[in-house]
Amino acid sequence: MGSSITQQIFQQIVNGLSLGSIYALIALGYTMVYGIIKLINFAHGDIMMVGAYAGWYAITVLHLSFLPALLFAMVACALLGVIIERIAYKPLRNASRIAALITAIGVSLFLEYGGMLLVTAQVRTYPPVFPETMYSFHGVIFKYGDIVMLLTSTILMVLLHITVQYTKMGKAMRAVSFDKDAALLMGINTNNIISFTFAIGSALAAAAGVLMGVYFNTIDPLMGIIPGLKAFVAAVLGGIGIIPGAMVGGLMLGLIESIVSGLGASTWRDAVAFLILILVLIVKPSGLFGKNVREKV
């Protein structure tokens, strides 16, 4: 009996890490954009949806394998993210936060219903890209796809960490995040840095979209709403604006959802995710990795 319970626990951990890695990739886009220009980009989940469709198109129409399709979707959404930033957000950079927030919601609706107009509201089946190979380790079942998804997410997060910490663009991003005006005075092109941040965040969302299509086997134009909101919860849980916090928050949220489902309460997993958001905002609004910052008024 004890061995069976242990197996179930480890099985839910495997499932939770697979789902949590997707949330983490989406949450990174939220937290990077907020860290740079203090904007909650609620269209981010719908960029993930566009990435899922770009991957579907690359696999079914262009007959690409998983990795080229993933790169195709990431490049397409990186360009989309830059276009959205330049058209919708850049003119409002000095406007009130509520104006930018309303614009983000408008962009989200535009992508959702523009997607319906373009590809119809029909639910599409994602083509199988991984072999149906199963592995068993002490009763815990691993799919080949689970391993690839975890490796893909881990590699992308490591590459992001290296980019932010050790490259010239990454240092410029941190400078703009710390003080945009001072960075501008030091010769940093803040417009390019902000566009670069949107490109990276959108590319990671596209990767999450392809992985989510593979994970759930179906896609539709409204698929980005709930995962996008949950990724926002993950970003707040880890500490909005803090990259390691988004990674940890996404993985934690995936594990919590998987455990709730394993306990037979799968219909409550969405409610639990938003309950976590409420508790974090009440108990520790700065998140797990955040610190309270005093502002002089």
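Residues numbered from 1 in each chain as written. Predicted model: local features only at pLDDT ≥ 70, side-chain atom pairs only at ≥ 80, totals over all residues. Heavy atoms only, no water.

K.L.:
For the packing of aromatic side chains, give the residues involved together with the corresponding values.
P.N.:
Summed over the entire model, instances satisfying the criterion amount to 7 aromatic pairs. Judged by centre distance (4.9 Å) and plane angle (80°), the rings of Tyr215 and Phe216 are edge-to-face. A relative accessible area of 37% places Phe216 in the partly exposed class. Aromatic ring contacts, followed pair by pair, group Tyr30, Phe42 and Phe232 into a single cluster. The ring of Tyr34 is capped by Lys38, whose NZ or CZ atom sits 5.7 Å from the centre of that ring. (Phe/Tyr/Trp six-rings, centres within 6.5 Å; stacked < 30°, edge-to-face > 60°. Buried < 20%, exposed > 50% of the residue type's maximum accessible area, 1.4 Å probe, protein only. Lys NZ or Arg CZ within 6 Å of the ring centre and 35° of its normal.)

K.L.:
Any details on the environment of Val148? Residues and values, ideally.
P.N.:
Within the secondary structure layout, Val148 lies in helix 5 (residues 144–166). Counting along the chain gives 32 residues from Val148 to Lys180, while the straight-line C-alpha distance between them is 38 Å. Not counting residues up to four positions away in its chain, the partners in contact with Val148 are Phe66 and Phe130. (Helix = DSSP H or I, 4+ residues; strand = E, 2+ residues; numbered from the N terminus. Contact = heavy atoms within 4.5 Å.)

K.L.:
Give me the lowdown on helix 4 (residues 97–119), citing residues and values where you can.
P.N.:
Here helix 4 is 23 residues long and its end C-alpha atoms lie 33 Å apart, about the 33 Å a rise of 1.5 Å per residue gives. Within helix 4 the residues assigned to the buried category are Ala100, Ala104, Val107, Ser108, Leu111, Glu112, Gly115 and Val119. Where the residues of helix 4 are buried, they touch helix 2 (44–60), helix 3 (66–89), strand 1 (124–125) and helix 9 (225–238). The first or second residue beyond helix 4 is Thr120, which carries a positive phi of 70°. (Expected span 1.5 Å × (residues − 1).)

Geometric descriptors of this kind do not, in isolation, establish any biological role.
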